[in-house]
Amino acid sequence: MNRAEPLVLGIETSCDETGIGIVRGRTLLSNTIASSMDEHARYGGVVPEVAARAHLEALQPSIEAALAESGVALADLDAVAVTSGPGLAGALMVGVGAAKALAVSLEKPLYAVNHLVGHIAADILDDDAPPLEYPTVALLVSGGHTSLLLVRDLTTDVELLGETMDDAAGEAFDKVARLLGLPYPGGPEIDRAAASGDPKAIAFPRGLSRASDMAKHRYDFSFSGLKTAVARWVEQRQAAGEDVPVADVAAGFREAVVDVLVTKALAACRDHGVPRLLLGGGVIANRRLRERALERADAEDVTVRIPPLSLCTDNGAMIAALASELIMSGRPPSTLGFGADSTLPVTEIQVAGSA
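Here the structure is a predicted model, which is why all the values come from computation and not from measurement.

**Student:** Sorry, what's going on with the overall build of the chain here?
**Tutor:** In terms of regular secondary structure, the chain is built from 11 helices and 11 strands. Taking 2.2 N^0.38 as the reference for a compact globule, 355 residues should give roughly 20 Å; the C-alpha atoms of the chain span a radius of gyration of 20 Å, in line with that estimate. In the chain, which comprises 355 residues, the share counted as buried stands at 52%. Residue pairs in contact within the chain that sit at least 24 positions apart in sequence constitute 74% of those at least 6 positions apart.

**Student:** Could you clarify how one ought to interpret the sheet that holds strand β4 (residues 79–85) in this entry?
**Tutor:** In a beta sheet, neighbouring strands pair by backbone hydrogen bonds and run either parallel or antiparallel. Judged by pairing direction, the sheet is mixed, and its 6 strands sit side by side in the order β3-β2-β1-β4-β5-β11 without closing on themselves. Either end of the sheet is taken by a strand with one partner, and the two such strands are β3 (27–35) and β11 (350–351). Strands in contact with helix α3 (residues 89–106) are β1 (7–12), β4 and β5 (110–114); relative to β4, the strand with the most contacts, it is inclined by about 160 degrees. Sheet strands touched by helix α11 (residues 316–328): β1, β2 (17–24), β3, β4, β5 and β11. Its angle to β1, the strand with the most contacts, is close to 135 degrees.

**Student:** Mind showing me how you'd approach the pairing of β1 here?
**Tutor:** Regular strands have side chains that alternate between both faces of the sheet. Most of β1 sits inside the fold, with 6 of its 6 residues counted as buried. Here β1 shows two buried faces, one formed by Leu7, Leu9 and Ile11 and the other by Val8, Gly10 and Glu12. Inspection of the sheet shows β1 paired to β2 by 6 bridges, in the antiparallel sense. Pairing of glutamate 12 across the sheet is with glycine 19, part of β2. Counting the residues in the hairpin turn of β1 and β2 gives 4 residues. Here 4 bridges tie β1 to β4, and the two strands are oriented parallel to one another.

**Student:** Would you mind showing me how to read the pattern of salt bridges here?
**Tutor:** Here the idea is simple: oppositely charged side chains can pair when their charged atoms come close. The tally for this structure, following the rule as stated, stands at 19 salt bridges. A salt bridge links arginine 237 to glutamate 242, with the shortest nitrogen-to-oxygen separation between them at 3.2 Å. What emerges from the salt-bridge pattern is a single network uniting Glu255, Arg287, Arg288 and Glu291.

**Student:** Just checking my understanding: could you explain the pairing of strand β7 (residues 146–153) for this structure?
**Tutor:** Most of β7 is tucked away, with 6 of its 8 residues classed as buried. As defined by bridge partners, strand β6 (residues 136–141) adjoins β7 across 6 bridges and the pair is classed as antiparallel. Bridge assignment links leucine 139 to a residue of β7, and that residue is leucine 148. What sits between the antiparallel neighbours β6 and β7 is a turn of 4 residues. As paired strands, β7 and strand β8 (residues 157–163) are joined by 6 bridges and run antiparallel to one another. Counted as the bridge partner of leucine 150 is glutamate 159 from β8.

**Student:** So what exactly am I meant to see when it comes to the layout of surface pockets here?
**Tutor:** One simple way to see leftover space: roll a probe sized like a water molecule over the atoms. In this structure, the largest pocket spans a volume of roughly 970 Å³. Ser142, Gly143, Gly144, Asp174 and Tyr184 are, among the 36 residues lining the largest pocket, the residues nearest its centre. Only α5 (169–179) and α6 (186–194) provide two or more residues apiece to the lining of the largest pocket. No other element matches α5, which puts 6 residues into the lining of the largest pocket.

**Student:** What should I look at first to understand the packing of aromatic side chains in this one?
**Tutor:** To describe a pair of aromatic rings, one takes the distance between the centres and the angle between the planes. A full pass over the atoms with the stated rule returns 2 aromatic pairs. For the ring pair phenylalanine 173 and phenylalanine 253, a centre distance of 5.1 Å and an interplane angle of 75 degrees mean the geometry is edge-to-face. Linking phenylalanine 173 in helix α5 with phenylalanine 253 in helix α9 (residues 246–272), this pair joins segments that are 80 residues apart in sequence. A relative accessible area of 3% means that phenylalanine 173 is categorised as buried. We classify phenylalanine 253 as buried; its relative accessible area is 0%. Between phenylalanine 221 and phenylalanine 223, the aromatic rings sit 6.3 Å apart at their centres with planes inclined by 15 degrees, giving stacked as the arrangement.

Procedures and definitions
- Residues numbered from 1 in each chain as written.
- Predicted model: local features only at pLDDT ≥ 70, side-chain atom pairs only at ≥ 80, totals over all residues.
- Heavy atoms only, no water.
- Helix = DSSP H or I, 4+ residues; strand = E, 2+ residues; numbered from the N terminus.
- Rg over C-alpha atoms; globule rule 2.2 N^0.38 Å.
- Buried < 20%, exposed > 50% of the residue type's maximum accessible area, 1.4 Å probe, protein only.
- Contact = heavy atoms within 4.5 Å.
- Pairing = 2+ DSSP bridges.
- Axes fitted to C-alpha atoms, helices over the stretch in contact; angles between N-to-C directions.
- Salt bridge = Lys/Arg side-chain N within 4 Å of Asp/Glu carboxyl O.
- 1 Å grid on protein atoms, 1.4 Å probe; cavity = no way out; pocket = protein on both sides within 12 Å on 5 of 7 lines; lining within 4 Å.
- Points joined across faces, edges and corners; volume = space filled by probe spheres on them.
- Phe/Tyr/Trp six-rings, centres within 6.5 Å; stacked < 30°, edge-to-face > 60°.

And the structure:
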């Protein structure tokens, strides 16, 4: 194996996107994504069984497309990597099974890695950015996860500071979009509607931000109450026979989510003396979140890092990148005894499996 610049194929199937990525060391060669989002749109959210079936159908053509784009053959690979968790159990099983079959048939080492830590690893594939410094605080915001992490070392030391206690931010965007009659997925639709709205027109609550909450849940998130507040506001307006100002509701809701995310992330930076903040996950595509994070971090002398948006959504390249870092740091491969773990803790960066 080439441990200096390993050639790794990564497989990501934790939710509704089949991601196949190929990297050589820290260089991105291919980032192929097949999304089943359109199939879920009619249900207003991700259906696990539909996602698993879509992964089965998309895996082989996605692998073939990634190999063609990168100009490498399966025999050239130094290793195979796969998301072991967290995520949807059925969806994860598809990727794990495919990765094991591929590794065994090619007689290549296999690395089972953590999906959330993979989002951090996506940053190292940015050729235009300086090397990632440690420690760094990472805010990961996606459809299924909202997590605040302290990363002392990408391959050995990731600490969970806080996470969502109910709806993830992405889920809240989807649910509020449905309340407002906007299509799925809700994030981009809320962003578009909010562009012409007044974020100060409606004062929506900031979950777990009161003084009484901060002692126990300083770095935790809760968006269920915010979603309910939006629903009640809309219902009261409709009951009164008045029009619902969709743009203002969207803007006020978005501002509440962004305010909580940025405030807690910067609090973690201050508390731990870390002048660096990394943003990751699909919701980072939200324009207002990026704007506010950059504005407020600049005022506090905190440097913000944002991977290329194409690497913020779930993808196989970040999984390959994390495995590549593990290989370059001398970590041995996983055994074949690991499985799909829908609740894999972020502290378990690599799943070794059982002998």
